[in-house]
Amino acid sequence: MASLPDHKLPKDFLWGFATAAFQIEGSTDVDDRGKSIWDDFSRLPGKTADGRNGDVATDSYRLWKEDLALLKQYGVKSYRFSISWSRIIPLGGRNDPVNPKGIEYYNGFINGLLENGIIPFLTLYHWDLPQALHDRYGGWLNKDEVVKDYTNYAKVCFEAFGDRVKHWLTINEPWCVAILGYGRGVFAPGRSSDRQRSPEGNSSTEPWIVGHHIILAHAHAVKVYREQFKPTQKGQIGITLNGDWAMPYDDTPENIDAAQHALDFAIGWYADSVHLGFYPPYMREVLGDRMPDFTPEEWEIVKGSSDFYGMNTYTTNLCRAGGDDEFQGNVDYTFTRPDETQLGPQAQSPWLQDYPQGFRALLNYIYKRYKLPILVTENGFSVKGESDIPIDEAVKDDARVHYFQGTTEAMLSAIHEDGVDVQAYFPWSLLDNFEWADGYITRFGVTYVDYETQKRYPKDSAKFLIEWFKEHETIP
Ligand code: NCW
């Protein structure tokens, strides 16, 4: 993609790297932390690709000062990280005690960021539900309980940290929680209709119920923030959604429709509801009564419950009608074009190829449809085979540099040539880390982590991004 030397980033543009608590912290039994659903799940045989779990991860709970030094060295403006619910409330519930050690830990970290001039960007929920809530009442499946407990947890965090934290994300990627956790059963809590995978679960109903409850929990937390905290704390709050661009496989009308249907299931499910106040009609067409609905009073709370569009995006899918994968709206995904060429370079993650034009198209689609400022809260690339080569080769991560060259220029084009209001960009991730069901094999970091020594090594992609943001910064 051609570079645009004259184009700068808008004033006050935020950038920094992103992580999530369970993927980096380790120290799962330290300072009275309660268990999360990922603790035991990741310890079960066969649940992660390399049989390893999150007990140590990048050891960031202990090494947080090192991570902070890295962020400072990288010159970021902001850092996106998540809080572990079960460190704050070990048993999770509204009547369970708050853990002062959890509060103290994140206070120290937040203060450390601020002392170094780094703006905290805080995610409340990045997939690590307290295990006690799952055991007590079925976790995300139990609407009345989980909405109240999540809202209470959010409130505890606003009270504890909101004097200093002005950027809040309620939930990270609810699609993944619902579909991967309760549909395909590959993420905690691993429920699925596939009895080889899960002793219980119903993939035809549970994902849609869980998604519905997550939206409501998010919306209630936002309502509390806006009514009780925002007037004095003056922060912004919203949800962040995963979603990749969907391109018709060819220009037949059925495949043009298929691409829109894919977007309805992957993005519209959460984005139409939260930002526009309805569920995509195509979802109801496919799912019928299995798709829950909100009462008019609930829709009042849900509609408009995000101050911005939080976007996590990685790739583009070519979409063909006629599939039978209900989680994808009965649309087939492929990266192979009709002429047999690939969309772009393949990542380690099977679902990811490097195609920056799709990123620009998605930014345009989202801005036109939802008319909100866009914060790109995740974007990144897992280099194929990066765990199989020596460190000195892995840090020369040309494929990741290529990916970020493409996406940063695509973003700049979307801002300047297409008029899209993008206000933040957080590459995923600061560090290689525990990549959920992929264990530690798949690496997304701009910093290489040697898991034997926990030593961190900046990769070329970190250097590229640091330079790029320096070059494109608007002088205040
Ligand atoms: S797995 C995933 N990710 C990665 C993860 O590290 C991060 O925590 C997430 O926010 C990188 O960004 C997100 N996303 C799932 C993408 C869809 C995968 C579809 C798999 C089908 C079985």
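See the structure printed just above.
Per-chain numbering applies: the sequence of each chain, read as written, is numbered from 1 onward. Per-residue local features of the predicted model are confined to residues with pLDDT of at least 70, and side-chain atom pairs are confined, for both listing and counting, to 80 or more; whole-chain, interface and lining totals are unaffected and use all residues. Side-chain descriptors were evaluated using all non-hydrogen atoms of the structure, hydrogens and water having been removed beforehand.

## Regarding the overall build of the chain
Right, on to step 1. When its secondary structure is counted, the chain shows 16 helices and 13 strands.
Right, on to step 2. The size measure is the radius of gyration over C-alpha atoms, and the globule rule it meets is 2.2 Å times the number of residues to the 0.38 power. Radius of gyration (C-alpha) of the chain: 21 Å, near the 23 Å computed for a compact globule of 476 residues.
Right, on to step 3. Counting only C-alpha atoms and orienting by the principal axes, one finds that the chain spans roughly 60 × 50 × 50 Å.
Right, on to step 4. Each residue is assigned to one of three classes by its accessible area relative to the maximum for its type, calculated with a 1.4 Å probe on protein chains only: buried under 20%, partly exposed between the two thresholds, exposed over 50%. With 476 residues in all, the chain has 63% of them scored as buried.
Right, on to step 5. By the convention used here, residues are in contact when the closest approach between their heavy atoms is within 4.5 Å. For the chain, the proportion of contacts with a sequence separation of at least 24, taken over those separated by at least 6, is 76%.
Right, on to step 6. Accessibility throughout is a Shrake-Rupley quantity obtained with a 1.4 Å probe, and a residue counts as covered only by protein chains that appear here. A total of about 17700 Å² of accessible surface is found on the chain, and carbon and sulfur atoms cover 51% of it.
Right, on to step 7. We count Lys and Arg on the positive side and Asp and Glu on the negative side, and we leave His and both chain ends out. By convention, charge coordinates are those of NZ in Lys, CZ in Arg, CG in Asp, or CD in Glu. Here the chain contributes 47 positively and 69 negatively charged side chains, and the mean placements of these two sets differ by 5 Å. For helices the rule is a DSSP run of H or I covering at least 4 residues; for strands it is a run of E covering at least 2, with both sets numbered from the N terminus onward.

## Observations concerning the site of the ligand
Right, on to step 1. Of all residues adjacent to the ligand, which total 14 residues, the nearest are Gln23, His126, Tyr314, Glu378 and Glu435.
Right, on to step 2. Side-chain polar atom of Asn172 to an oxygen atom of the ligand: 3.2 Å apart, as the coordinates give it.
Right, on to step 3. The term polar contact refers here to a pair of N or O atoms within 3.5 Å; inside protein, the definition further demands a hydrogen-donor-capable atom paired with an acceptor-capable atom, and it admits residues adjacent in sequence only when both atoms are side-chain atoms. Contacts to the ligand include Trp428, whose side-chain N or O atom sits 3.2 Å from an oxygen atom.
Right, on to step 4. In isolation the ligand has 540 Å² of accessible area, and contact with the protein removes 82% of it.
Right, on to step 5. Grouping the constituent residues of the shell around the ligand by class yields 7 nonpolar, 3 polar and 4 charged. Throughout, near means a residue has at least one heavy atom within 4 Å of the molecule or strand. Charged residues are taken to be Asp, Glu, Lys and Arg, nonpolar residues to be Ala, Val, Leu, Ile, Met, Phe, Trp, Tyr, Cys and Pro, and polar residues to be all remaining types, Gly included.

## What to know about the packing of aromatic side chains
Right, on to step 1. Between 30 and 60 degrees the pair is tilted, below 30 it is stacked and above 60 it is edge-to-face, where a pair is any two Phe, Tyr or Trp rings, Trp via its six-membered ring, whose centres lie within 6.5 Å. Summed over all chains, the structure comprises 53 aromatic pairs.
Right, on to step 2. When the ring of Trp208 is compared with that of Trp269, the centres are 4.8 Å apart and the planes differ by 50 degrees; the resulting orientation is tilted. Of this pair, Trp208 sits in helix 9 (residues 206-233) while Trp269 is found in helix 10 (residues 253-276), placing the two residues 61 residues apart along the sequence.
Right, on to step 3. Look at Trp269 and you get buried, because its relative accessible area is 0%.
Right, on to step 4. Within the aromatic cluster, the residues linked to one another by ring pairs are Phe22, Trp38, Phe41, Trp127, Phe187, Phe434, Trp436, Tyr440 and Tyr451.
Right, on to step 5. It is Arg87 that lies over the ring of Tyr61; its NZ or CZ is 3.9 Å from the centre. We call a charge positioned over a ring when the NZ of a Lys or the CZ of an Arg lies within 6 Å of the ring centre and within 35 degrees of the ring normal.

Read these as layout, nothing more, since geometry by itself doesn't imply function.
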